[in-house]
Amino acid sequence: MLWVVEAWRGVASAMVLWSHWASPLGLPMGLTAFAFTGVDLFFVLSGFVFAPVLLQRRVPSLRAYGLRRVLRIYPAYLVALGLYVALAWMAGRPLAHLPEHVLMAHLQSREMAFYYNPAFWSLPVEVEFYLLLPVLGIWLARGREPTCATVANQDVGTRAQRLHWRWALVLTMALTLRLGLAIWADTASQNLAYVFLNHVPGLLLEFLLGAWVWQRCQQPAPRMSVWIWAVAGLVGWCALAALFVQRPTGTWHGSLLGLGAAACFAAMLGASCYLPAPGERLAAVAQWGGRLSYSVYLLHIAWLAPALAWSARWGAGVGALLALAGLLASCLALHWLVEEPARRWGRRMARRWEQAGRPVPASGGEAGAVDQARFIAETESRSP
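Just so we're clear, the structure is a prediction, and the values are computed from it rather than from any experiment. (Residues numbered from 1 in each chain as written. Predicted model: local features only at pLDDT ≥ 70, side-chain atom pairs only at ≥ 80, totals over all residues. Heavy atoms only, no water.)

Asker: What should I look at first to understand the packing of helix 4 (residues 62-90) against helix 16 (residues 316-356) in this one?
Answerer: Relative placement of two packed helices is described by the angle separating their axes and the distance separating the axes. Look at helix 4 against helix 16: their axes get within 8 Å of each other, and the N-to-C directions meet at 170 degrees. Regarding the angle of helix 4 to helix 16, the classification is roughly antiparallel. Judged by residue contacts, Arg-63, Ala-64, Leu-67, Arg-68, Leu-71, Arg-72, Pro-75, Ala-76 and Val-79 of helix 4 engage Leu-334, Val-338, Glu-339, Ala-342, Arg-343, Trp-345, Gly-346, Arg-347, Met-349, Ala-350, Trp-353 and Glu-354 from helix 16. Looking at side-chain class alone, the contact of helix 4 with helix 16 contains 13 nonpolar, 1 polar and 7 charged residues. (Axes fitted to C-alpha atoms, helices over the stretch in contact; angles between N-to-C directions. Helix = DSSP H or I, 4+ residues; strand = E, 2+ residues; numbered from the N terminus. Parallel < 35°, antiparallel > 145°, perpendicular 65-115°, else oblique. Contact = heavy atoms within 4.5 Å. Nonpolar A, V, L, I, M, F, W, Y, C, P; charged D, E, K, R; others polar.)

Okay, here's the thing in structure tokens:
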């Protein structure tokens, strides 16, 4: 399923790019005005990728898990933030809210979150999900284990039923929080409910939708069901886009549309998991779309001003293509020079910590060497 996730990450970054570039460049949008929901797709994908941790299929070392999450998201973000701070300084803007952005604590108001780069608003939400994930995972895991010695032989079906009830309770609580915050949120005053609506309390359900899809995809599905998921997701997203284009959105309406879009993405993601493996070229395109998705998300706003300047001189098409080429070049540089080295170093350190905390089979001779090699290989293969 790796190529599927990478392909969807590329789609999500392209949607966010289009939503920020198309209107300023005067390009026709139509239903694609709803493309800003690519952010919701990112949340669903995060829930899907980390479902093994949430459902305790893969129990990470907390120290290794924290290191990998920090190095996955923070170094590239810090470089991008430095770029936007430099652009703000060159434009004569005050360098406001800088400590909050450095600490990823900038999602306190719309103005603060959007000050340097509008796309930065979603990153604190992602970090909050990373922090909550192990806690939720430990609690859900209790639903699969006997609670005392007297029920050590408890029927597996009973434990599975208890896990389903816990899982349903988490989903219900997340939905209740989302709807309650949407009702009480005030866009104009940006009250506390509005702020929480844009943090994990309001957006947790979108991550959980991705985890639920991962859980469903572990079982075979009839081809008709897969087609129903795909068509329902696509038609549903288009219907929501038409509703968004035709009607102005307040907090309540907009929150429902975002949640609906996340559900549609979850359905399409679930259907795509049953696709056959593509050819090498298509798989490579999908993988590179995913690899560059974070860099595109971070840097695309920086290239909007050049795109507008070049469009005024040579037309929207030429200006957009030139800016897109510059964006891709800068994304490759950020990926190769910062993002990938930090990610690899984090993986190496995390594996060392995980191996140090796990007992290696101690049988001697050739069998012991085989067991040890197998242990190391299995350890290195674990990576969300």
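Asker: Looking at this structure, I do not really get unusual backbone geometry. What am I missing?
Answerer: As a rule of thumb, non-glycine residues mostly have phi less than zero, and peptide bonds are mostly trans rather than cis. Positive phi values are uncommon outside glycine, yet His-97 reaches one of about 60 degrees. For His-97, a relative accessible area of 28% puts it in the partly exposed group. Its identity as a non-glycine residue notwithstanding, Met-104 has a phi of 55 degrees, on the positive side. Along the polypeptide, Met-104 turns up in the loop between helix 5 (98-102) and helix 6 (110-114). (Buried < 20%, exposed > 50% of the residue type's maximum accessible area, 1.4 Å probe, protein only.)

Asker: Honestly, the layout of surface pockets in this entry has me stumped. Any pointers?
Answerer: Empty space among the atoms becomes apparent when a probe as large as a water molecule is rolled across them. Computed from the structure, the second largest pocket encloses a volume of approximately 950 Å³. Contributing to the lining of the second largest pocket are 36 residues, with Phe-36, Phe-114, Trp-121, Tyr-194 and Asn-198 lying nearest its centre. Where the lining of the second largest pocket is concerned, the elements lending two or more residues are helix 1 (2-21), helix 2 (38-49), helix 6, helix 9 (192-197), helix 10 (200-216) and helix 12 (251-272). If you tally residues by element for the lining of the second largest pocket, the top one is helix 12, at 5 residues. (1 Å grid on protein atoms, 1.4 Å probe; cavity = no way out; pocket = protein on both sides within 12 Å on 5 of 7 lines; lining within 4 Å. Points joined across faces, edges and corners; volume = space filled by probe spheres on them.)

Asker: Is there a simple way to think about the environment of Met-104 in this case?
Answerer: A residue is classified by how much of its surface remains accessible, and Met-104, at 12% relative accessible area, is buried. Sequence spacing of Met-104 and Leu-78 is 26 residues, and the spatial spacing of their C-alpha atoms is 9.7 Å. In this view, Met-104 contacts Ile-73, Tyr-74, Tyr-77, Leu-123, Pro-124 and Val-127; residues no more than four positions away in its chain are not counted.

Asker: Is there a simple way to explain a nonpolar patch on the surface in this structure?
Answerer: On the surface, Leu-83, Leu-87, Trp-89, Met-90 and Leu-95 cluster together to form a nonpolar patch covering roughly 540 Å² of accessible area. As for its position among the elements, Met-90 is in helix 4. Residue Met-90 is classed as exposed on the basis of its relative accessible area, which comes to 65%. (Patch = residues over 30% accessible without salt bridge, like charges linked within 9 Å, V, L, I, M, F, W, Y side chains within 5 Å. Areas by Shrake-Rupley, 256 points an atom, 1.4 Å probe, with all protein chains shown as cover. Salt bridge = Lys/Arg side-chain N within 4 Å of Asp/Glu carboxyl O.)

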